[in-house]
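# Overview (structure and organization)
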Amino acid sequence: MKKALITGITGQDGSYLTELLLKKGYQIWGIIRRSSSFHTGRIDHLYKDPHEQPALRLVYGDLTDGGNLSTIVNEIKPDEVYNLGAQSHVRVSFDTPIYTVDTDALGTLRLLETIRMMEKPAKFYQASSSEMYGKAVETPQTEKTPFYPRSPYGCAKVYSFWQTLNYREAYGLFACNGILFNHESPRRGETFVTRKITQAATRIKLGLQDKLFLGNLDAKRDWGFAGDYVETMWLMLQQDKPDDYVIATGETHSVREFLDEVFHHLDMDWHKYVELDPRYLRPSEVDCLMGDASKAKRVLKWEPKVSFKELAQMMTDADMEIAKREKLIKKQEEAK
């Protein structure tokens with residue numbers, strides 16, 4: 001049985017990757033940070049009781065604590081390490097740049113150094129990001145497109161990308177970068193624009209909310225489904241040679257278009273409910289990102305399955321169920 005260690009296991013990508021690896025018969029260890037609340041909602045359906053699910057274990061750790069990471073890796077001796085942990089919100093990275101870099105950049109270096117010292121080094125997957133391209137010098141972006149990050153988050157990811165490549169070339173590690181473009185799902189964090197839209201739209205539909213405040217509606221992104229994208233993480237580590245891959249749909253859509261899809265699905269006009277709030281504008285914006293995943297399609301034999309329209313509807317339907325439960329609870333409380 002193969003062993004996999006996942007940082008960021010409680011996040012969107014971590015939960016989908018965990019589902020995938022469990023189906024493939026892996027023993028999985030997930031690193032979670034100690035906090036006042038147990039943020040495991042995305043994997044609760046997988047992690048219930050050690051006796052019920054012996055293939056999944058959670059351990060406390062943090063990418064900012066190198067000694068702790070070394071202890072975890074040396075005790076588990078994983079075959080594969082997936083580094084998905086990060087301060088992953090671009091706008092927040094402007095407010096917490098030092099923490100973002102400590103986690104997203106130096107955290108990767110701490111993991112790589114620990115893996116390098118293993119008797120049998122684990123294969124390593126680094127979650128790189130389309131935000132590394134930032135003010136893109138060409139469209140679409142490929143594995144050869146120069147980076148031009150426009151945020152502390154993007155800069156930190158560029159550092160991790162090059163360290164991963166450097167450890168591959170300098171020490172012969174099987175280390176891969178997955179340059180994933182925006183990927184969403186019903187499990188997306190509520191502060192990210194797609195989920196913020198679907199959550200607010202469904203609540204407005206049911207009379208639980210009046211307005212939705214957003215930043216730049218003209219920003220364009222290449223949006224795919226996270227469930228499709230995590231498969232590529234595993235595929236990269238199953239190849240004969242380590243390499244770096246762009247993972248994207250090859251389509252670009254604006255925030256405005258996402259609004260159109262969501263509100264149309266709910267038979268509503270978003271212009272009546274959406275207002276601009278300057279607080280949500282970034283100090284430096286990334287206007288348009290679109291990836292060319294030709295290499296992944298050719299080498300990994302991968303194709304995205306969920307379309308932009310299907311993704312918007314999937315997320316809207318999931319948040320509608322949550323909004324309905326919220327409204328029911330509200331009615332029950334008012335009836336008391």
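Residues numbered from 1 in each chain as written. Predicted model: local features only at pLDDT ≥ 70, side-chain atom pairs only at ≥ 80, totals over all residues. Heavy atoms only, no water.

## Considerations on the overall build of the protein chain
Scanning the protein chain for helices and strands turns up 10 helices and 13 strands. Its C-alpha atoms give the protein chain a radius of gyration of 20 Å, near enough to 20 Å, the size a compact globule of 336 residues would have. Projected onto the principal axes, the alpha-carbon positions of the protein chain cover approximately 60 × 50 × 40 Å. Counting across all 336 residues of the protein chain, residues that qualify as buried make up 52%. (Helix = DSSP H or I, 4+ residues; strand = E, 2+ residues; numbered from the N terminus. Rg over C-alpha atoms; globule rule 2.2 N^0.38 Å. Buried < 20%, exposed > 50% of the residue type's maximum accessible area, 1.4 Å probe, protein only.)

## Description of the nonpolar core
Within the largest apolar cluster, 65 residues are counted, with the highest numbers of intra-cluster contacts made by Leu 17, Leu 21, Tyr 82, Tyr 125, Ile 197, Leu 259 and Phe 263. A per-element tally of this core places helix α7 (residues 226–236) first, with 7 residues. Discounting residues that sit within four places of it in the chain, Leu 259 has contacts with Ile 197, Leu 212, Leu 214, Leu 217, His 264, Trp 270 and Val 274. Residues Ile 31, Val 73, Val 81 and Leu 173 belong to the second largest nonpolar core, which totals 18 residues. (Core = buried A, V, L, I, M, F, W, Y, C linked by side-chain atoms within 4.5 Å. Contact = heavy atoms within 4.5 Å.)

## Focus: the packing of aromatic side chains
Inspection of the entire model under this criterion finds 13 aromatic pairs. Seen in terms of ring centroids, Phe 147 and Trp 162 are 6.3 Å apart; in terms of plane orientation they differ by 70°. Their pairing is edge-to-face. Here Phe 147, found in the loop between β5 (123–129) and α5 (152–171), pairs with Trp 162, found in helix α5; they are 15 residues apart in sequence, far enough to count as distant. Centre to centre, the rings of Tyr 229 and Trp 302 are 5.6 Å apart; their planes meet at 85°, and the pair counts as edge-to-face. Placement of the pair is Tyr 229 in helix α7 and Trp 302 in the loop between α9 (294–300) and α10 (308–335), with a sequence separation of 73 residues. Here Tyr 229 matches Trp 302 in class, with each residue buried. What links up through ring pairs into an aromatic cluster is the set Tyr 133, Phe 147, Phe 161, Trp 162 and Phe 181. A cation over a ring is seen here: Arg 188 above Phe 192, with NZ or CZ 3.8 Å from the ring centre. In this structure, Lys 295 is placed above the aromatic ring of Tyr 245, and the distance from its NZ or CZ to the ring centre is 5.0 Å. (Phe/Tyr/Trp six-rings, centres within 6.5 Å; stacked < 30°, edge-to-face > 60°. Lys NZ or Arg CZ within 6 Å of the ring centre and 35° of its normal.)

## Thoughts on unusual backbone geometry
The step from Thr 139 to Pro 140 runs through a cis peptide bond, and the omega angle for that step is 0°. Tracing the backbone shows Pro 140 in the loop between β5 and α5. Non-glycine residue Lys 77 carries a positive phi angle of around 55°. Relative to the helices and strands, Lys 77 resides in the loop between α2 (66–76) and β4 (80–83).

## A short note on the pairing of strand β6 (residues 175–180)
Of all 6 residues in β6, 6 are buried; the element is thus mostly enclosed. The side-chain alternation of β6 yields two buried faces, one formed by Ala 175, Asn 177 and Ile 179 and the other by Cys 176, Gly 178 and Leu 180. Since β5 and β6 lie parallel, the crossover through α5 that links them has a hand, and here it is right-handed. Where β6 meets strand β11 (residues 244–247), 4 bridges bridge the pair, whose relative direction is parallel. Within the sheet, the bridge partner assigned to Asn 177 lies in β11 and is Asp 244. (Right-handed = clockwise from strand over helix to strand, strands pointing away. Pairing = 2+ DSSP bridges.)

## A short note on α2
By the burial criterion, the buried members of α2 are Leu 69, Ile 72, Val 73 and Ile 76. The arc that holds every buried residue of α2, seen down its axis, measures 95°, which confines them to one face. Buried-residue contacts for α2 involve β1 (3–7), β2 (27–32), β3 (56–60) and α4 (97–116). Measuring from the side-chain oxygen of the N-cap residue of α2 to the backbone nitrogen of Gly 67 gives 3.3 Å; that N-cap residue is Asp 65. Directly beyond the C-terminal end of α2, a positive phi value near 55° is found at Lys 77. (Arc of directions from axis to C-beta. Polar contact = N/O pair within 3.5 Å; in protein donor to acceptor, adjacent residues only side chain to side chain.)

## Description of the side chain of Ser 128
With respect to the helices and strands, the residue Ser 128 is situated in strand β5. Those residues within four positions of Ser 128 in sequence are excluded, and the remaining contacts are Lys 157, Phe 161, Asn 177, Gly 178, Ile 179 and Leu 180.

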